[in-house]
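One letter stands for each residue in the lines below.
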Amino acid sequence: MTATDTQFAQHLSTQRASAEEREAVLANPGFGNFFTDHTAVVDFRVDESGVGGWHDARLEPYGPIALDPAAAVLHYGQEIFEGMKAYRHADGSVWTFRADANAARLNRSAARLALPQLPEELFLESLRQLVSVDADWIPSGDGESLYLRPFMIATEAFLGVRPAREVSYRVIASPAGNYFGGEVKPVDIWVSRNYARAGRGGTGAAKAGGNYASSLAAQLEAEAHGCKQVLFLDQFNDNAVEELGGMNVFFVFRDGSLVTPALSGTILEGITRSSIIQLGRDRGLTVSERKITLDEWRDGVAGGDITEVFACGTAAVITPIGQLRDGDEFIGAAGTPAGEVTMSIRSQLLGIQTGTVEDTHGWLTRL
Ligand code: PLP
Ligand code: COI
């Protein structure tokens, strides 16, 4: 298969969920609990002459993957992924948001994890193929969508530490409601003092499974303290705010300006983050990507300079942050309501994604 050959064979499932089973899932999808009937797959191999290529693009029934126990991904974590969503518009058409940015980020992650580059046409076609056979799984409630999870794993069986010569790229899809469950409401956040998510020169800017594995001990601490997500700091840089385990962070200041931590090489360049920067500027707001420390957060909230804080990401969309808990110290009041600016940007962004607000930046791609 050449880089531009994007023909997918269709091996369709003979055991699709029934309409009743699907409707039961769509009535209350939650996040990440249910999967559609199919998966898109493309394999990669480096041949004896050292030339690599993608081959065997196909749709398969959703199901377990047969992996050799020595597959590199199982030992050395050579894995990357993306997160994006498909939205059904009122006229029945299905769209995705900034797919070119996801394709580009997948390839940046691939470069960092020594995985092969995936041509953008192949990436887009894999999404189109999967959504074309599983479109009935797209929920249509407020804030609901079909979450798409493209990922790439090192499948070659060997135990020497080197980049795998056999790789599999796959896409699975999962009907999605609110990541935090129920209605959108402010979530409390735990400050990780014992663990960092990423370090300089590491893989923090890549969407690699290992980053999430390394966030889990901190996430457990957060949950033990009644918090929904964990905040990571750069403890070697004045406790600069980095990001949450699975989301970027924004601050709304009293003068209406927005601030988000600058990309330092250790945080993920969120596509929601860059869209909010653009939407903020479209509104005439000053939006800064700069260093913001935990002290500035604490003092800003206490003195009234910071009026709202929110998290953002594909899964989280825009979620207001309530209280920040740093050990025994609380930043912000319990029961802080969702901020007006937060909710207004959220409804604008969701409106663009779901086709009720004009897409002036050409961010949508029809699937
Ligand atoms: N930061 C982390 C660690 C994430 O996992 C995510 C989610 O994908 C984000 C930020 C936000 O990225 P995006 O807006 O592209 O989903
Ligand atoms: C996403 O938002 O797509 C992510 O990958 C983050 C994770 C918390 C689900």
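Conventions we followed
Residues numbered from 1 in each chain as written. Chains lettered and ligands numbered in written order. Predicted model: local features only at pLDDT ≥ 70, side-chain atom pairs only at ≥ 80, totals over all residues. Heavy atoms only, no water. Phe/Tyr/Trp six-rings, centres within 6.5 Å; stacked < 30°, edge-to-face > 60°. Helix = DSSP H or I, 4+ residues; strand = E, 2+ residues; numbered from the N terminus. Buried < 20%, exposed > 50% of the residue type's maximum accessible area, 1.4 Å probe, protein only. Lys NZ or Arg CZ within 6 Å of the ring centre and 35° of its normal. Core = buried A, V, L, I, M, F, W, Y, C linked by side-chain atoms within 4.5 Å. Near = heavy atom within 4 Å. Polar contact = N/O pair within 3.5 Å; in protein donor to acceptor, adjacent residues only side chain to side chain. Areas by Shrake-Rupley, 256 points an atom, 1.4 Å probe, with all protein chains shown as cover. Nonpolar A, V, L, I, M, F, W, Y, C, P; charged D, E, K, R; others polar. Expected span 1.5 Å × (residues − 1). Patch = residues over 30% accessible without salt bridge, like charges linked within 9 Å, V, L, I, M, F, W, Y side chains within 5 Å. Salt bridge = Lys/Arg side-chain N within 4 Å of Asp/Glu carboxyl O. Axes fitted to C-alpha atoms, helices over the stretch in contact; angles between N-to-C directions. Parallel < 35°, antiparallel > 145°, perpendicular 65-115°, else oblique. Left-handed = near helix turned anticlockwise from the far one by under 90°. Contact = heavy atoms within 4.5 Å.

The subject of this paragraph is the packing of aromatic side chains. The full count for this structure, using the stated rule, is eleven aromatic pairs. When the ring of Phe250 is compared with that of Phe310, the centres are 5.2 Å apart and the planes differ by 10 degrees; the resulting orientation is stacked. Of this pair, Phe250 sits in strand 12 (residues 248-253) while Phe310 sits in strand 15 (residues 306-313), and the two are 60 residues apart along the sequence. Accessibility assignment for this pair places Phe250 and Phe310 in one class, buried. Put simply, the rings of Phe31, Tyr147, Tyr179 and Phe180 touch in pairs and so form one group of aromatic residues. Its end group placed over the ring of Phe158, Arg162 keeps NZ or CZ at 4.0 Å from the ring centre. Between Arg197 and the ring centre of Tyr212, over which it is positioned, the NZ or CZ distance is 5.9 Å.

Formed by 40 residues in total, the largest nonpolar core has its most connected members in Trp54, Leu148, Met152 and Tyr169. Looking at this core, the elements that each hand over two or more residues are strand 2 (38-46), strand 3 (52-61), strand 5 (84-88), helix 3 (99-112), helix 4 (120-134), strand 7 (145-154) and strand 8 (166-176). The biggest single contributor to this core is helix 4, with seven residues. One finds Ile189, Ala311, Ala316 and Ile321 within the second-largest nonpolar core, a separate group that totals 23 residues.

A few words now on the site of ligand 2. Close to ligand 2 lie Phe31, Phe81, Gly83, Tyr147, Arg149, Tyr179, Lys207, Gly246, Thr314 and Ala315. Between ligand 2 and the protein, one listed contact pairs an oxygen atom with a backbone N or O atom of Thr314 at 3.5 Å. Protein coverage of the free-state accessible area of ligand 2, which is 280 Å², stands at 90%. Tallied by class, residues from the shell around ligand 2 come to five nonpolar, three polar and two charged.

Owing to its 3.6 residues per turn, the α-helix brings residues three or four apart onto one side. Between its first and last C-alpha atoms helix 7 (residues 271-282) spans 16 Å; for twelve residues at 1.5 Å apiece the expected length is 16 Å, and the two agree. Inspection of helix 7 places Ile271, Thr272, Arg273, Ser275, Ile276, Ile277, Leu279 and Gly280 among the buried residues, and these make up the whole buried set. Within two residues after helix 7, Gly284 carries a phi angle of roughly 85 degrees, on the positive side.

Taken together, the side chains of Ile65, Leu67 and Leu74 present a nonpolar region at the surface, about 230 Å² in accessible area. As for its position among the elements, Leu67 is in the loop between strand 3 and helix 2 (72-76). Residue class for Leu67 comes out partly exposed when judged on its relative accessible area of 30%.

This part covers the site of ligand 1. Every one of the 17 residues lining ligand 1 counts as a neighbour, but Tyr212, Glu243, Ile271, Thr272 and Thr314 are closest to it. One of the side-chain nitrogen or oxygen atoms of Lys207 is found 2.8 Å away from an oxygen atom of ligand 1. Here Tyr212 contributes a side-chain N or O atom positioned 2.5 Å from an oxygen atom of ligand 1. Considered on its own, ligand 1 offers 390 Å² of accessible surface; in the complex 97% of this is hidden by protein.

What follows covers the packing of helix 3 against helix 4. Relative orientation of the contacting elements helix 3 and helix 4 amounts to 120 degrees, with a least axis distance of 10 Å. If you check the angle between helix 3 and helix 4, you find them oblique. With respect to the hand of their crossing, helix 3 and helix 4 are arranged in right-handed fashion. Contacts from Ala99, Asp100, Asn102, Ala103 and Leu106 of helix 3 reach helix 4 at Glu120, Phe123 and Leu124. Its residues placed into classes, the contact of helix 3 with helix 4 shows five nonpolar, one polar and two charged.

Running from amino to carboxyl end, helix 7 crosses helix 9 (residues 340-354) at an angle of 110 degrees, the nearest separation of the two axes being 11 Å. Relative to helix 9, the element helix 7 lies roughly perpendicular. Every residue of helix 9 that contacts helix 7 at Thr272, Ser275, Ile276 and Leu279 is listed here: Ile345, Gln348, Leu349 and Ile352. By residue class, the composition of the contact of helix 7 with helix 9 is five nonpolar, three polar and no charged.

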